[in-house]
Amino acid sequence: IMRKIDLLKLGFKDTSFTDEEIVFTEFTLKKEKFTIQIHGENLVELEVEPKIWVEIPNCKKISDLKRLIKLFH
């Protein structure tokens, strides 16, 4: 599980929202070359081109996320 405090330390913004009284947890890290979004507890998506998102499987821990950021940074 990725904790909110750890995500914020990495530069993610809390972009959670409510739709029809349902709360959707979401965190977004937007950089010049890439954007990463985390939905719920561990669904990680990477924007590879404008409006083209790819799910990143097995990215479940903060250490996995740090490696992903380093790869694209």
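Everything numeric in this text was worked out from a predicted model, so none of it was measured.

Novice: Got a minute to help me understand the overall build of the chain in this structure?
Specialist: Within the chain, the regular secondary structure consists of two helices and seven strands. For the chain, the sequential pattern of α-helices and β-strands runs α-β-β-β-β-β-β-β-α. Taking 73 residues into account, the globule formula puts the C-alpha radius of gyration at 11 Å, and the chain, at 12 Å, falls close to it. Principal-axis analysis of the C-alpha atoms gives the chain an extent of 35 × 25 × 20 Å. Counting across all 73 residues of the chain, residues that qualify as buried make up 32%. Expressed as a percentage of contacts within the chain between residues at least 6 apart in sequence, the contacts between residues at least 24 apart total 30%. Element-wise, carbon and sulfur atoms account for 53% of the exposed surface of the chain, whose accessible area totals about 5,500 Å². Between the mean site of the 13 positive side-chain charges and the mean site of the 13 negative ones, the chain shows a separation of 12 Å.

Novice: Explain unusual backbone geometry to me, please; I cannot follow it from the model alone.
Specialist: Excluding glycine, residues mostly have negative phi values, and the peptide bonds linking residues are mostly trans. Positive phi is not limited to glycine here, since glutamate 21 has a value of about 65 degrees. Under the relative-accessibility criterion, glutamate 21 is labelled exposed at 78%. At asparagine 58, a position not held by glycine, the phi torsion is positive, near 60 degrees. Position of asparagine 58 relative to the elements: it lies in the loop between strand E7 (52–55) and helix H2 (62–72). The exposed category is assigned to asparagine 58, whose relative accessible area is 65%.

Novice: Looking at this structure, I do not really get the sheet that holds strand E6 (residues 43–49). What am I missing?
Specialist: Strand pairing in a sheet relies on backbone hydrogen bonds, with the paired strands running either antiparallel or parallel. Taken together, the five strands give an open sheet; going across it, the order is E1-E4-E5-E6-E7, and neighbouring strands pair in antiparallel fashion. Where the open sheet ends on each side, the last strands, each with one partner, are strand E1 (13–14) and E7. The pairing of strand E5 (residues 35–39) with E6 spans five bridges and is antiparallel. Across the sheet, isoleucine 36 pairs through a bridge with leucine 46, a residue of E6. Each of strand E4 (26–30), E5 and E6 is contacted by H2, which is oriented at about 160 degrees to E5, the strand it contacts most.

Novice: It is not clear to me how the nonpolar core should be interpreted in this structure. Could you clarify?
Specialist: The tendency in soluble globular proteins is for nonpolar side chains to be buried side by side. Judged by nonpolar contacts, the single largest core of 16 residues is most densely connected at Met2, Leu7, Phe12, Ile36, Ile38, Val44 and Leu65. Broken down by secondary-structure element, the contributors of at least two residues to this core are E4, E5, E6 and H2. The dominant element in this core, judged by the number of residues it contributes, is H2, at four residues. Aside from chain neighbours lying at most four places away, what touches phenylalanine 12 is Leu7, Phe27, Thr28, Leu29, Ile36, Ile38, Leu65 and Ile69.

What counts, and at which threshold
Residues numbered from 1 in each chain as written. Predicted model: local features only at pLDDT ≥ 70, side-chain atom pairs only at ≥ 80, totals over all residues. Heavy atoms only, no water. Helix = DSSP H or I, 4+ residues; strand = E, 2+ residues; numbered from the N terminus. Rg over C-alpha atoms; globule rule 2.2 N^0.38 Å. Buried < 20%, exposed > 50% of the residue type's maximum accessible area, 1.4 Å probe, protein only. Contact = heavy atoms within 4.5 Å. Areas by Shrake-Rupley, 256 points an atom, 1.4 Å probe, with all protein chains shown as cover. Lys, Arg positive; Asp, Glu negative; His and termini not counted. Charge placed at Lys NZ, Arg CZ, Asp CG, Glu CD. Pairing = 2+ DSSP bridges. Axes fitted to C-alpha atoms, helices over the stretch in contact; angles between N-to-C directions. Core = buried A, V, L, I, M, F, W, Y, C linked by side-chain atoms within 4.5 Å.

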